[in-house]
Amino acid sequence: MKNRVLVAHSYFLQYDEKQRQRMKPYPPLATLLVAAGLRQHGYDVTLFDAMLSAGTEDFDALLGSTLPHAVVIVEDNFNFLTKMCTLRMREAALDMVRNATRIGCPVVVNGSDAADCPELYLAAGASAIVLGDPDQAVLEVVDAIFAGAPVLSEIEGLVLPDRRTARRLPLRELDRLPPPAWDLVDLERYRSAWQRAHGRFSLNLVASRGCPYGCNWCAKPLFGRGYAQRSAESVALELAYLKRLARPDHIWFADDIFGLTADWLEEFARHVHRYDAIVPFMIQSRVNLMTPRAVAALRAAGAEEVWLGVESGSQKILTAMEKGTRVEQVRSASATLTEHGIRACWFIQLGYLSEEWDDILATRDLIREGAPHDIGVSVAYPLPGTKFHELVRAQLGERRNWQHTDELAVLFHGTFSTDFYRHVRDLLHDEVRIPLAQRDRATLDARWQELADRADASRNGELSIAGD
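Please read all numbers here as calculations on a predicted model, not as lab measurements.

## Quick look at the pattern of salt bridges
Then step 1. Scanning all chains against the criterion turns up 34 salt bridges.
Then step 2. Among the ionic pairs, Arg 168 bridges to Glu 140, the shortest N-O distance being 2.7 Å. You can see Arg 168 sitting in the loop between strand 7 (163–164) and helix 9 (187–198) and its partner Glu 140 sitting in helix 8 (residues 135–147), a full 28 residues away along the chain.
Then step 3. A residue is classified by how much of its surface remains accessible, and Arg 168, at 18% relative accessible area, is buried.
Then step 4. Lys 316 is the salt-bridge partner of Asp 359, the closest N and O atoms lying 2.8 Å from each other. With Asp 359 in helix 15 (residues 357–370) and Lys 316 in helix 13 (residues 315–320), this residue pair connects regions lying 43 residues apart in the sequence.

As structure tokens, this is what we get:
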């Protein structure tokens, strides 16, 4: 009789109003990869997919109906929403650990928040916290739970109730992993949600792990600063498989950076055509990587949208972040993408240390000049393990995480108040979303001037602007 393992994650779309309204759910890739590995080694695997679930009560019901011998909670470390470690999702994860432990199941946990705060998960009853890549480590822990050997303390990359074990080296040979266990996912439920909200169906895929760059606000609790990449052919083959299996209209490559070099991108484009794997897709990258050769390869492979980590229009702020990019590269990258018919979209970060009103205006002016197709706006978020976190550690109170992804709260002593940054966010979005032909420039400029007039009073949270 096979040992039964319930594999789960704790990102409930239902618990985040902003993301529920956006309704862009994706299956948990990291969770599915671990499920595939466990099943390949003979375990009877059941998946609990929290994404479209009503809540933790669904997890409890599955616990009761499947009566697993062990529970493995692996967060989707490729999805940026899980990396934010919001308080609501942490509460859900801890409830799942407690409820599984209550019925006698050993629980193994892997995720950004568990890596940052292992004591919380161990206190809830977890048997082990897996640090770094979960694929091999989780399998070794589950084997030890059932076989009793090796003992957990001999397995690398764990936090146990009484110790931390030796560091595990990052996984590099990604092509040796089994494909995600797509058959465990209710793809039609995802299709229905996407079709209702957007009129098309998007799925996710990943080609690499990690990021080799050193932005000092970016946490890398699981994959570190290294970068491991699958072969271009294996990614094209998986894309072809998904195209036939699920018939998606769109693919999101969830890599921190997709296609680090133009050589890899050109090879990927060749294999995409070879295997008839063309599906319009979206990626995340950096402005310094968007060379004409790389962009041409992306277009040939089917890219329709690239999200760039622009962060700020002020070179002073980019230098302080140790971003390793220049403002002029933002202009060049966006222009090159647009010339090739690819939507250029920007991630913007407000509120980094030393940011002043003039730096905010520089970001606004860059948006006006560069005309990105869309932007995502956040405020600087001090994540454990980053240089930025160390710089503001003394300013942090007990509250160190957002409750939900739309909170946009400044958790340290920023230049301006949370309410002020929310107004800046709204104005930046209006700069992009209102078509130029329809934009009332005088009205928009007046709103910026009103905010400028309140800037001094809004320092250090002294003023809460009306309307919030």
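Read on for the rest.
## Things to note about helix 10 (residues 232–246)
Since there are 3.6 residues in each turn of an α-helix, residues three or four apart along the chain are aligned in direction.
Then step 1. Spanning 15 residues, helix 10 covers 21 Å between terminal C-alpha atoms, matching the ideal 21 Å at 1.5 Å per step.
Then step 2. Here helix 10 has its buried residues at Ala 232, Ser 234, Val 235, Ala 236, Glu 238, Leu 239, Ala 240, Leu 242 and Ala 246.
Then step 3. Looking one or two residues past helix 10, Arg 247 carries a phi angle of roughly 55 degrees, positive in sign.

## Quick notes on the packing of aromatic side chains
Two numbers describe a pair of aromatic rings. These are the distance of the centres and the angle of the planes.
Then step 1. Using the criterion set out here, one finds 22 aromatic pairs in the structure.
Then step 2. Aromatic side chains Phe 48 and Phe 59 sit 5.4 Å apart centroid to centroid with 70 degrees between the ring planes, which places their arrangement in the edge-to-face category. Within this pair, whereas Phe 48 is found in strand 2 (residues 44–48), its partner Phe 59 is found in helix 3 (residues 56–66), the two being separated by 11 residues in sequence.
Then step 3. Judged by centre distance (5.0 Å) and plane angle (35 degrees), the ring pair of Trp 307 and Phe 347 falls under tilted. Linking Trp 307 in strand 13 (residues 303–311) with Phe 347 in strand 14 (residues 343–350), this pair joins segments that are 40 residues apart in sequence.
Then step 4. Judged by its relative accessible area of 12%, Trp 307 falls in the buried class.

## Looking at the state of the cysteines
Then step 1. In the structure shown here, the tally under the stated rule is zero disulfides.
Then step 2. Of all cysteine sulfurs in the structure, the one in Cys 218 sits closest to Cys 215, which takes part in no disulfide; the separation is 6.2 Å.

## Re helix 12 (residues 292–301)
Then step 1. Looking only at helix 12, the buried set comprises Ala 294, Val 295, Ala 297, Leu 298 and Ala 301. Taken around the axis of helix 12, the buried residues stretch over an arc of 160 degrees, which confines them to a single face.
Then step 2. Each element contacted by the buried residues of helix 12 is listed here: helix 11 (262–274), strand 12 (281–285), strand 13 and helix 14 (327–339).
Then step 3. Backbone geometry just after helix 12 places Gly 302 at a positive phi near 115 degrees.

## Examining the sheet that holds strand 1 (residues 4–8)
Then step 1. With respect to topology, seven strands assemble into an open sheet ordered 2-1-3-4-5-6-7, the strand pairing being mixed. One side of each edge strand has no neighbouring strand; the edge strands of this open sheet are strand 2 and strand 7.
Then step 2. Inspection of the sheet shows strand 3 (residues 70–74) paired to strand 4 (residues 107–110) by four bridges, in the parallel sense. Paired with Val 72 across the strands is Val 108, a residue of strand 4.

## Details of the sheet that holds strand 14
Then step 1. Judged by pairing direction, the sheet is parallel, and its six strands sit side by side in the order 8-11-12-13-14-15 without closing on themselves. Strand pairing shows two members of the sheet lacking a second neighbour, strand 8 (202–205) and strand 15 (374–379), which therefore form its edges. For this sheet the average axis-to-axis angle between neighbouring strands, irrespective of direction, equals 20 degrees.
Then step 2. Across six bridges, the pairing between strand 13 and strand 14 is parallel. Residue pairing in the sheet places Leu 308 in a bridge with Trp 346 of strand 14.
Then step 3. Each of strand 12 and strand 13 touches helix 12; the most contacted strand, strand 13, lies at about 140 degrees to it.

Conventions and cut-offs
Residues numbered from 1 in each chain as written. Predicted model: local features only at pLDDT ≥ 70, side-chain atom pairs only at ≥ 80, totals over all residues. Heavy atoms only, no water. Salt bridge = Lys/Arg side-chain N within 4 Å of Asp/Glu carboxyl O. Helix = DSSP H or I, 4+ residues; strand = E, 2+ residues; numbered from the N terminus. Buried < 20%, exposed > 50% of the residue type's maximum accessible area, 1.4 Å probe, protein only. Expected span 1.5 Å × (residues − 1). Phe/Tyr/Trp six-rings, centres within 6.5 Å; stacked < 30°, edge-to-face > 60°. Disulfide = S-S within 2.5 Å. Arc of directions from axis to C-beta. Contact = heavy atoms within 4.5 Å. Pairing = 2+ DSSP bridges. Axes fitted to C-alpha atoms, helices over the stretch in contact; angles between N-to-C directions.

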